[in-house]
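Okay, here's what each chain looks like letter by letter:
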Amino acid sequence: MEPITTITGTSVPIMKDNIDTDQLIPKQFLKNILKVGYGRHLFFDWRYNKDGSPNADFILNRPERQGAEILIAGDNFGCGSSREHAVWALKDYGFKVVIAGGFSDIFYMNSTKNGFLAIKLPRDQRETLAAAPADAKITVDLPNQEVRYDGQTFPFDIDPLWKHKFVNGLDDIAITMQYEDQIEAYESKIPQF
Amino acid sequence: MSQTMFDKIWNQHVITGNAGEPQLIYVDLHLLHEVTSPQAFEGLRENHRKVRRTDKTFATMDHNVPTEDIFNVKDKISRLQIDTLGKNAKEFGVRLAGMGDEDQGIIHVIGPQLGLTQPGMVIVCGDSHTATHGAFGSIAFGIGTSEVEHVLATQTIWQTKPKTMGIHVHGELPHGIYAKDIIMGLIAREGVSFGTGYAVEFYGDTIDRMSMEERMTLCNMCIEGGAKMGAMKPDQKTFDYVAGRKYAPKNMEKAIQYWQQFYTDDESAFDTTLDMDVTELAPFVSWGTNPGMAVPVDQPFPEIKNEDDRKAYEYVGLHPGQKAPEIPIEFAFFGSCTNGRLSDLKIAASILKGHHIAPQVTALVVPGSRTIKHEAEKLGLDKIFKDAGCEWREPGCSACLGMNPDQVPAGVHCASTSNRNFEGRQGAGSRTHLASPAMVAEAAINGHFVDIRKVGVA
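Definitions and limits used
- All chains use their own residue numbering, which begins from 1 and follows the written sequence.
- The lettering of chains begins at A and the numbering of ligands begins at 1, in the order of writing.
- This being a predicted model, a pLDDT of at least 70 is required before a residue's local features are given, and a value of 80 or more before pairs of side-chain atoms are given or counted; all residues contribute to the totals for chains, interfaces and linings.
- In computing side-chain properties, one takes all heavy atoms of the structure into account and sets aside hydrogens as well as water.
- UniProt positions are given in the numbering used here, feature names are shortened, and annotations may be inferred rather than shown by experiment.
- Going along the chain from the N terminus, every DSSP run of H or I of four or more residues is numbered as a helix, and every run of E of two or more is numbered as a strand.
- Throughout, the radius of gyration refers to the C-alpha atoms, and the reference size of a globule is 2.2 Å times the residue count to the power 0.38.
- Summary of the burial criterion: residues with accessible area below 20% of their type's maximum are buried, those above 50% are exposed, and those between are partly exposed, where the area comes from a 1.4 Å probe applied to protein chains only.
- Contact criterion: two residues are considered in contact whenever any of their non-hydrogen atoms come within 4.5 Å of each other.
- In these tables, accessible area is a Shrake-Rupley quantity obtained with a 1.4 Å probe, and a residue counts as shielded only by the protein chains included in the view.
- Just so you know, the count uses Lys and Arg for positive and Asp and Glu for negative, and it drops His and the chain ends.
- Positions of charges follow a simple convention, taking NZ of Lys, CZ of Arg, CG of Asp or CD of Glu.
- A 1.4 Å probe defines the accessible area here, and the buried area is the portion of it lost by two parts on being joined, summed over both.
- Salt bridge, as used here, is a side-chain nitrogen of Lys or Arg placed within 4 Å of a carboxyl oxygen of Asp or Glu.
- Two strands form a pair only when DSSP identifies at least two bridges running between them.
- Fitted lines through C-alpha atoms give the axes, limited to the stretch in contact for helices. The angle between two N-to-C directions lies from 0 to 180 degrees.

If you check an unreviewed UniProt entry, chain B appears there as 3-isopropylmalate dehydratase large subunit from Secundilactobacillus folii. Reading the Function (unreviewed entry) entry of the UniProt record for chain B gives the comment "Catalyzes the isomerization between 2-isopropylmalate and 3-isopropylmalate, via the formation of 2-isopropylmaleate." Within the UniProt record for chain B, the comment given under Subunit (unreviewed entry) is "Heterodimer of LeuC and LeuD."

As annotated in an unreviewed UniProt entry, chain A carries the name 3-isopropylmalate dehydratase small subunit and is attributed to Secundilactobacillus folii. As its UniProt record puts it under Sequence similarities (unreviewed entry), chain A is described as follows: "Belongs to the LeuD family. LeuD type 1 subfamily."

In terms of regular secondary structure, chain B is built from 17 helices and 19 strands. Against the compact-globule benchmark of 23 Å for 458 residues, chain B has a radius of gyration of 21 Å, which places it among compact chains. Its C-alpha atoms give chain B principal-axis dimensions of about 55 × 55 × 45 Å. Looking at chain B as a whole, 67% of its 458 residues are labelled buried. The contacts in chain B between residues at least 6 apart in sequence include a share of 76% that link residues at least 24 apart. Accessible surface, chain B: about 15000 Å² in total, of which carbon and sulfur atoms supply 49%. Looking at charge distribution, chain B has the averaged site of its 44 positive side-chain charges lying 5 Å from that of its 57 negative ones.

In terms of helices and strands, chain A carries eight helices and eight strands. Each principal axis of the C-alpha distribution contributes one length, and for chain A these read about 60 × 45 × 25 Å. Residue burial in chain A is summarised as follows: out of 193 residues, 58% are buried. Expressed as a percentage of contacts within chain A between residues at least 6 apart in sequence, the contacts between residues at least 24 apart total 66%. For chain A, the centre of its 21 positive side-chain charges and the centre of its 27 negative side-chain charges are spaced 4 Å apart.

Okay, the interface of chain B and chain A next. Contacts between chain B and chain A engage 71 residues on the former and 51 residues on the latter. Across the chain B/chain A interface, buried area totals approximately 4900 Å², and carbon plus sulfur atoms make up 58% of it. At the junction of chain B and chain A, the tally comes to six salt bridges. Note that B:Arg49 and A:Asp171 form a salt bridge whose closest N and O atoms lie 3.5 Å from each other. Here the side of chain B that touches chain A gets seven residues from one element, more than from any other, and that element is helix H5 (residues 145-154) of chain B.

Our focus in this paragraph is the sheet that holds strand S1 (residues 14-16) of chain B. Residues and elements named next belong to chain B. Spatially, three strands are ordered S1-S2-S8 in an open sheet, and the strand pairing comes out antiparallel. A single partner strand is all that each edge strand has here, and the edge strands are S1 and strand S8 (156-160). The sheet shows a mean angle of 45° between the axes of neighbouring strands, direction not considered. The pairing of strand S2 (residues 22-26) with S8 spans five bridges and is antiparallel. Looking across to S8, one finds that Ile-25 is bridged to Ile-157.

Turning next to the UniProt feature "binding site: [4Fe-4S] cluster" (unreviewed entry) in chain B. All names here are of chain B. Following the UniProt record, the feature "binding site: [4Fe-4S] cluster" (unreviewed entry) maps to Cys-337, Cys-397 and Cys-400 here. These annotated residues cover 64 residues of sequence, but their C-alpha atoms sit close together, with the largest distance between any two at 8.9 Å. Looking at where Cys-337 falls in the secondary structure, it is placed in helix H12 (residues 336-339). With a relative accessible area of 6%, Cys-337 lands in the buried category. Setting aside residues no more than four positions away along its own chain, Cys-337 makes contact with Ile-106, His-108, Val-109, His-129, Thr-132, Asn-220 and Asn-419. Secondary-structure assignment places Cys-397 in the loop between strand S17 (391-392) and strand S18 (413-416). In contact with Cys-397, other than residues within four places in its own chain, are Asp-62, His-63, Ile-106 and Phe-333.

Spelled out as structure tokens, the structure:
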């Protein structure tokens, strides 16, 4: 996994609450056996008209919002289905971080597995960020746990274990395999009936 | 200090890590389906890893399976996913209830049915409705594909222990009101994220009286309230349900003795509690685009309070002040991991018996598993459904999420026993109205919802 330290980039605000994973990536695009290629289907139902043309009103399609790396969203982001494709789609589109009021537990865990930062900030701070002009740069500084924009600094929390993994780009399975002895010892004590 | 059932099971499964931080938890049962597993197996292959405990892993195909002719998978990519799971199961030695197998069905239906789901276990699956298995007094939750790969390789998972929420459900359920109405009523009252970060446990006299199948319905939809797990303590009903099933313990006496340790000492052990009195509960119907947007059948849809409400009304083509009986129903779906079990089909059939669905309604009946289908056929339920004008199908997830050909057309209102009414969930532009099987049966007959309390239930 790519290590993540500091991300500086432009943003897209979609401040709706309860953006579910069916909206992030509808089911017809789950029929793949790869982890890449989902970006063009991100927010599919909002992003494209019925005839397949881009919906010009949807913020992701505006010319000045292209190339954004930071998504600013409402509360309870990523609720619903467990599909990890939602994180793959955000990442494949080019987003590196989503800043929301909160995340569903499964979405959050999926983001930690894919080097995709999910940061919680209160609404007033997110509204400040959401009002940023399309060409304004926002900085997400993971080592210092703060978001910086226009001279303002917003600190955020992250579990030290997840932070360690992000900053070092570590593979979970390799980490866990170091505990093989303990796993075996546990297994020898499982009651049999 | 008093402990919750959840604490007891969790603590027993910790391999390493301190409370408050991510801990490495042992997994007793890992369930797989074809949609969220291919990338996980691919990851194992790339890294030359194998499945650590094939004896604790079980797979089936459910999401993509066509329900008319299961062997005629027309969609190429659906077929690729189905075939890929078959190949992966064979290559890695994972037990599989494959296409056409008697044990095939929705993964959350067959786990309990086969006796794989047992009290005191940690159960995971790459599917958010894994919460269903909590009904047996286990810790059961949905995971993402990277976690599926991790569990396949290590039989463990990193998790931060959630807080615990006790929900006291008490009182006699009124005539015509079911577990589905309890969970829909709870989410309508508390919102779609009240459970985020919590493991929920239901308790109280209402829960004690419920059948295992009703308990599964209740736990199944906990995720729609944000809680990734829901559970209740195992009791004699739980033990009786498990006993004698294909993968049940050989020594039930010893197993029961072990399982009896899993209960919450007292209410003070929960981080927070909620109270739900069901004596006056009404049948619920969802009007909007998330499961919290639901009202009792006799109550008007709410005023528009925010942009989400406005968008939801626009999407479903309804407006504030209308009531559920005014929704023009043209589709009915009976099935899913929420309400696709035998007792659900029996309730729906008891209402449909001797009636015919309204001419404008298309109704699909999709049993939760092949075994349920065969049991229902032995009872003649298939004939009742067919005589009523419903289509009797093969098992699968079907129109709950329409990954197979079973989709609700755009603009059509569907009365559905499933769990999610998200935009486009049952098909692009589909308008889903969640309700209990009894309510959906009445809606299919009448072409609109009716208050089940006023018609009487068999």
